[in-house]
Amino acid sequence: MQCEIAIVGAGPAGLSFARALAGSGLRVVLVEQAPAASLSSPADDGREIALTHRSQQLMRQLGLWDRLRASEIGLLRDALVLDGDDREGLLFSHREAGRDNLGWLVPNHAIRRTAWEAVAGQADLTLLDGVRVAGVCTDAAGVVLSLADGRSVRAALLVAADSRFSETRRAVGIRARMHDFGRTMLVCRMRHDTPHRQTAWEWFRYGQTLALLPLHDPHVSSAVLTLPQQEIQRLQALDEAAFNADMQARFDGRLGTMARLALPVAYPLVGVYAERFIAPRFAAIGDAAVGMHPVTAHGFNFGLHSVEALSTRLLRARRAGQDCATGAVLRSYERSHQRATRPLYEATRAIAGLYGDDRPAARALRKFALGLGRHASPFRRLVMAGLTDDVAPATRRDAAAPFAGLPVR
Ligand SMILES: Cc1cc2nc3c(=O)[nH]c(=O)nc-3n(C[C@H](O)[C@H](O)[C@H](O)COP(=O)(O)OP(=O)(O)OC[C@H]3O[C@@H](n4cnc5c(N)ncnc54)[C@H](O)[C@@H]3O)c2cc1C
């Protein structure tokens, strides 16, 4: 099979990227190991994805946002950071950010479903589902993917969107820095007596980190708990009543009675930053380029940035009649995406390290950092600019005409 662009991985990043190429005339093949049935009706994986204003705009342009059901969209008005047994905390307010809200919360499975719906029937797109990529071979002319069922795909450019543990990234010889945080994150949708007031909590207690992500219903949130894996496994083994009581106690009863609405799901925390995002005839996007620790809620926001940064450059080169998979086009993508992601990736590692450390010196530093934030409004505004993604897009040209091939919905 022959095409211009082969994408490996039909997760949120791979599907969004395929959608961004709609109407361009580029022939695209998307290879995914999962069967199409699980892509059209993705299972609830417990993840609630906090999205910035910029990401909402990109999802609108890609035709994903308007496919979400109203009940799937939670408004994130404010964010509260608490340390230890603190009650006051550091508030990041939408008013101070000059916005109606800081962002939105949307279930990951809803993003996957809408991305799937958006590419359904897309001209020039072929989906090869239920099959893994078994081998990759690149040369100056292009790339050949060998599939596990014996078929092969020849393309001018291979785009890896096959998760933070990307095998295609490894196949082309790109190293990645991985950081195992030695912690596991448990996520669980819960009903609680006290309304969440559309405020997210990040609560760095001693020995555990808690978060509360406000969902559409004022009494329903995603409760998030970070602990060593063996403690998470003990919690997962509890029956419903014991689990609810345990979570209520961890949240210090501040939300009143808590009752789970779904089974808790656990995610081991490993951050990944690829040393290169490109190689000859190759580019990595989504988690295959940058796999974030969820504490700063930026994984898919960065994934959308990679989709925008790469697709706009490819489409621009194509309109200019150039080979879109040349080194200059790919290098420009890499620079843009590194600039957009590296500072927050490093800051997130530092935050997760500091707030996961309960030694006396770290506790003092934690208190100092939050006290500084409470009294320094420029610091708060800087953090909020990151939350809402009010920072300038990587290049002005990216912002001017993203996804130029797309029909307007
Ligand atoms: C608990 C948690 C909370 C999070 N919260 C947020 C948040 O608040 N905000 C935010 O922006 N992000 C958040 N994220 C991150 C976000 O979920 C990810 O960044 C995003 O889902 C990554 O999408 P992706 O398409 O790059 O990769 P994936 O979703 O991992 O998809 C990869 C796809 O590739 C396929 N694949 C893999 N290998 C092969 C192969 N060899 N052949 C064929 N197919 C293959 C897989 O089947 C899969 O479909 C969170 C993550 C977690 C774990």
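Owing to the predicted nature of the structure, the values given are computational and were not obtained by experimental measurement.

Q: Hey, could you run me through the overall build of the protein chain in this one?
A: From N to C terminus, the protein chain includes 13 helices and 20 strands. By residue count, 53% of the 409 residues in the protein chain fall in the buried class. Here the analysis covers contacts within the protein chain between residues at least 6 apart in sequence; of these, 74% occur between residues at least 24 apart. Within the structure as shown, the protein chain displays about 17,200 Å² of accessible surface, and the carbon and sulfur contribution to it stands at 53%.

Q: Teacher, can you tell me more about the packing of aromatic side chains here?
A: Pairs of aromatic rings are described using the distance from one ring centre to the other and the angle between the two planes. Scanning the model with the defined rule gives 5 aromatic pairs in all. Ring centres of W201 and W203 lie 6.1 Å apart, and the angle between their planes is 70 degrees; this geometry places the pair in the edge-to-face category. Taking relative accessible area as the criterion, W203 reaches 0% and is therefore assigned buried. Ring geometry for Y273 against F277: centres 5.5 Å apart, planes inclined by 50 degrees, an arrangement best described as tilted. Accessibility classification places Y273 together with F277 in one group, the buried group. Through successive ring pairs, a cluster of aromatic residues spans W201, W203 and F251.

Q: Looking at this structure, how should I read the nonpolar core?
A: Nonpolar side chains tend toward joint burial in soluble globular proteins. Counting residues in hydrophobic clusters, the biggest one holds 79 residues, and the most contacted among them are I5 and F17. With 9 residues, helix 9 (residues 299–319) is the largest single contributor of residues to this core. When sequence neighbours within four positions are dropped, the list of residues in contact with I5 reads F17, L21, L26, R27, V28, V29, A155, L157, V159 and L314. Formed by 21 residues, the second largest nonpolar core is a distinct cluster that contains L102, A200, V224 and V295.

Q: Can you walk me through the pairing of strand 7 (residues 103–107) in this structure?
A: Here is the key point about a regular strand: its side chains alternate between the two faces of the sheet. Extensive coverage of strand 7 is indicated by the burial of 5 of its 5 residues. In terms of strand pairing, strand 4 (residues 74–76) meets strand 7 through 3 bridges, oriented antiparallel. Within the sheet, the bridge partner assigned to L75 lies in strand 7 and is W104.

Q: Help me understand helix 5 (residues 108–119) in this model?
A: Three or four residues apart is the spacing at which side chains of an α-helix point the same way, because the helix has 3.6 residues per turn. With 12 residues, helix 5 should reach 16 Å at 1.5 Å per residue; the first-to-last C-alpha distance of 17 Å fits that figure. Across the 12 residues that make up helix 5, a large majority, 10, are buried. G121 occupies a position one or two residues after helix 5 and carries a positive phi of about 75 degrees.

Q: Even after reading the chapter, I still don't get the sheet that holds strand 3 (residues 48–51), so can you show me in this structure?
A: Hydrogen bonds between backbone atoms are what pair the strands of a sheet, whose relative direction is either parallel or antiparallel. Sheet architecture is open: 3 strands sit in the order 3-7-4, paired in antiparallel fashion. Each edge of the open sheet carries a strand with a single partner, namely strand 3 and strand 4. If you compare each strand with its neighbour and ignore which way they point, the axes differ by 30 degrees on average.

Q: Before we go on, may I ask you to explain the environment of S163 in this structure?
A: Along the polypeptide, S163 turns up in the loop between strand 11 (152–160) and helix 6 (167–171). Of the residues examined, S163 reaches a relative accessible area of 37% and is grouped as partly exposed. Taking the C-alpha atoms as reference points, S163 and A288, 125 residues apart in sequence, are found 4.9 Å from one another. Not counting chain neighbours up to four residues away, the residues in contact with S163 comprise R169, D287 and A288.

Q: What is the right way to read the side chain of R260 from this model?
A: Looking at the secondary structure, you find R260 in strand 16 (residues 258–260). Buried within the structure, R260 lacks any salt-bridge partner; its nearest side chain of opposite charge belongs to E240, at an N-O separation of 4.5 Å.

Q: What is the right way to read the site of the ligand from this model?
A: Taken together, 30 residues lie near the ligand, and E32, R47, A50, D287 and F300 sit nearest. A297 is positioned such that a nitrogen or oxygen atom in its backbone is 3.2 Å from a nitrogen atom of the ligand. For the ligand, an oxygen atom lies 3.0 Å from a polar atom in the backbone of N301. Here the ligand has 1,000 Å² of accessible area as a free molecule, and 90% of this is covered by the chains.

Q: What should I look at first to understand the packing of helix 1 (residues 12–20) against helix 9 in this one?
A: The N-to-C vectors of helix 1 and helix 9 enclose an angle of 30 degrees; their axes lie 9 Å apart at closest approach. One way to sum up the angle between helix 1 and helix 9 is to call them roughly parallel. Like other packed secondary-structure pairs, helix 1 and helix 9 cross with a definite hand, here right-handed. Residues P12, A13, S16, F17 and A20 of helix 1 touch helix 9, and the partners they reach there are F300, L304, V307, L310, S311, L314 and L315.

Q: Would you mind going over the pattern of salt bridges with me for this structure?
A: Note on pairing: side chains with opposite charge can pair once their charged atoms come close. The full count for this structure, using the stated rule, is 20 salt bridges. Note that D246 is salt-bridged to R234, the shortest N-O span being 3.7 Å. Of the two residues, D246 is situated in helix 8 (residues 240–250) and R234 in helix 7 (residues 229–236); the sequence distance between them amounts to 12 residues. A salt bridge links R250 to D246; the shortest N-O distance between them is 2.5 Å. Within this pair, R250 and its partner D246 are both found in helix 8, separated by 4 residues, close to a single helical turn. The same class applies to R250 and to D246, which are both buried. Each member of the salt-bridge network shares a partner with another, and the members are R69, E72, R113 and E117.

Thresholds applied
- Residues numbered from 1 in each chain as written.
- Predicted model: local features only at pLDDT ≥ 70, side-chain atom pairs only at ≥ 80, totals over all residues.
- Heavy atoms only, no water.
- Helix = DSSP H or I, 4+ residues; strand = E, 2+ residues; numbered from the N terminus.
- Buried < 20%, exposed > 50% of the residue type's maximum accessible area, 1.4 Å probe, protein only.
- Contact = heavy atoms within 4.5 Å.
- Areas by Shrake-Rupley, 256 points an atom, 1.4 Å probe, with all protein chains shown as cover.
- Phe/Tyr/Trp six-rings, centres within 6.5 Å; stacked < 30°, edge-to-face > 60°.
- Core = buried A, V, L, I, M, F, W, Y, C linked by side-chain atoms within 4.5 Å.
- Pairing = 2+ DSSP bridges.
- Expected span 1.5 Å × (residues − 1).
- Axes fitted to C-alpha atoms, helices over the stretch in contact; angles between N-to-C directions.
- Lys, Arg positive; Asp, Glu negative; His and termini not counted.
- Salt bridge = Lys/Arg side-chain N within 4 Å of Asp/Glu carboxyl O.
- Near = heavy atom within 4 Å.
- Polar contact = N/O pair within 3.5 Å; in protein donor to acceptor, adjacent residues only side chain to side chain.
- Parallel < 35°, antiparallel > 145°, perpendicular 65-115°, else oblique.
- Left-handed = near helix turned anticlockwise from the far one by under 90°.

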